Amino acid sequence: MRYDSSASSTPALPLSNEGQGLLRRRFPILRQIGEGDGMFVPMLFVIVFVIFLPFVQSAYYSFTNYNGISPDYDFVGFKNYATVLKDPSLSSSLYFTVLYSVATAGIVTLLAIPLALGLNRRFIGRNTVRAVFFFPSIPSVAILGFVWAFILSPLSNGALNALLNLVGFAAVP
């Protein structure tokens, strides 16, 4: 087989736009998006409706005198922020939060690095000691598995099937 140096290593784009939708013809970047790339759309909806919209709503309410109970509220501007910044408990709580964060990170790092280096050396019982340190992370995964097994239980007493029965749908096996 002979090597042809004139051949391009990149695949050629189709010469005609037949079979491509209007959006793909108007926006060439969409030609690069594969069919499976739309799988991110549900995640995008979750991010928008669970994170972004509540954040925007909270930012809006921070400029009002909304108390979370009564439906009536008025726009007060930066008055809430001025009140918080004047409060002496803000500076003390901010100080203790920074102190706790720095101290916790420092202590964990100072203890974890020598411990990891020590457990990396060969000694009798090394695997047992590693297991003792690793074991506390196992039950949380097991408990999470039990929770999902309860939610997705194929019996009618599973949380998802019970919810479907309440709405009037049949249980999913």
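Residues numbered from 1 in each chain as written. Predicted model: local features only at pLDDT ≥ 70, side-chain atom pairs only at ≥ 80, totals over all residues. Heavy atoms only, no water.

Caption draft 1: Structural context of the overall build of the protein chain. Looking only at helices and strands, the protein chain has 7 helices and 0 strands in total. Looking at the protein chain as a whole, 5% of its 173 residues are labelled buried. Nonlocal contacts in the protein chain, meaning residues at least 24 apart in sequence, comprise 0% of its contacts between residues at least 6 apart. Split by element, the accessible area of the protein chain, about 15,400 Å² in all, is 71% carbon and sulfur. (Helix = DSSP H or I, 4+ residues; strand = E, 2+ residues; numbered from the N terminus. Buried < 20%, exposed > 50% of the residue type's maximum accessible area, 1.4 Å probe, protein only. Contact = heavy atoms within 4.5 Å. Areas by Shrake-Rupley, 256 points an atom, 1.4 Å probe, with all protein chains shown as cover.)

Caption draft 2: Local environment of the packing of aromatic side chains. All told, the structure shown has 11 aromatic pairs when counted by the stated rule. Relative to tyrosine 61, the ring of tyrosine 60 has its centre 5.8 Å away and its plane inclined at 50 degrees; by these criteria the two rings are tilted. A residue is classified by how much of its surface remains accessible, and tyrosine 60, at 43% relative accessible area, is partly exposed. Pairing tyrosine 60 with tyrosine 73 gives two aromatic rings, centres 6.3 Å apart and planes at 80 degrees, and the pair type is edge-to-face. Of this pair, tyrosine 60 sits in helix H2 (residues 41–61) while tyrosine 73 is found in the loop between H2 and helix H3 (79–86), placing the two residues 13 residues apart along the sequence. For tyrosine 73, a relative accessible area of 30% translates into the label partly exposed. Through a chain of ring-to-ring contacts, the aromatic side chains of Tyr60, Tyr61, Tyr66 and Tyr73 assemble into a single cluster. (Phe/Tyr/Trp six-rings, centres within 6.5 Å; stacked < 30°, edge-to-face > 60°.)

Caption draft 3: Spotlight on the packing of helix H4 (residues 88–120) against helix H5 (residues 126–134). Two numbers describe how H4 lies on H5: the axes approach to 10 Å, and their chain directions differ by 145 degrees. Here H4 contributes Leu115, Leu119 and Asn120 to the contact with H5, which in turn contributes Arg126, Val129, Arg130 and Phe133. Along the lines of polarity and charge, the residues of the contact of H4 with H5 split into 4 nonpolar, 1 polar and 2 charged. (Axes fitted to C-alpha atoms, helices over the stretch in contact; angles between N-to-C directions. Nonpolar A, V, L, I, M, F, W, Y, C, P; charged D, E, K, R; others polar.)

Caption draft 4: Structural detail: the side chain of arginine 126. By the element assignment, arginine 126 lies in helix H5. Among residues more than four places away in sequence, those in contact with arginine 126 are Leu119, Asn120 and Arg121.

Caption draft 5: Quick look at the confidence of the model for the protein chain. Of all residues in the protein chain, 79% have pLDDT values of 70 or greater, and the mean over the chain is 82. Element-level mean pLDDT values for the protein chain span from 66 in helix H1 (residues 22–26) up to 93 in H4. (pLDDT = per-residue confidence, 0-100.)

Caption draft 6: Focus on the side chain of serine 153. The residue serine 153 is located in the loop between helix H6 (138–151) and helix H7 (159–167) in this model. With residues up to four places along the chain from it excluded, the contact list for serine 153 reads Gly158 and Asn161.

Caption draft 7: Main features of the environment of alanine 171. The residue alanine 171 is located in the segment after H7 in this model. Here the alpha-carbon distance between alanine 171 and asparagine 157, two residues 14 residues apart in the chain, equals 9.4 Å. Among all residues touching alanine 171, those that are not within four sequence positions of it are Asn161 and Asn165.

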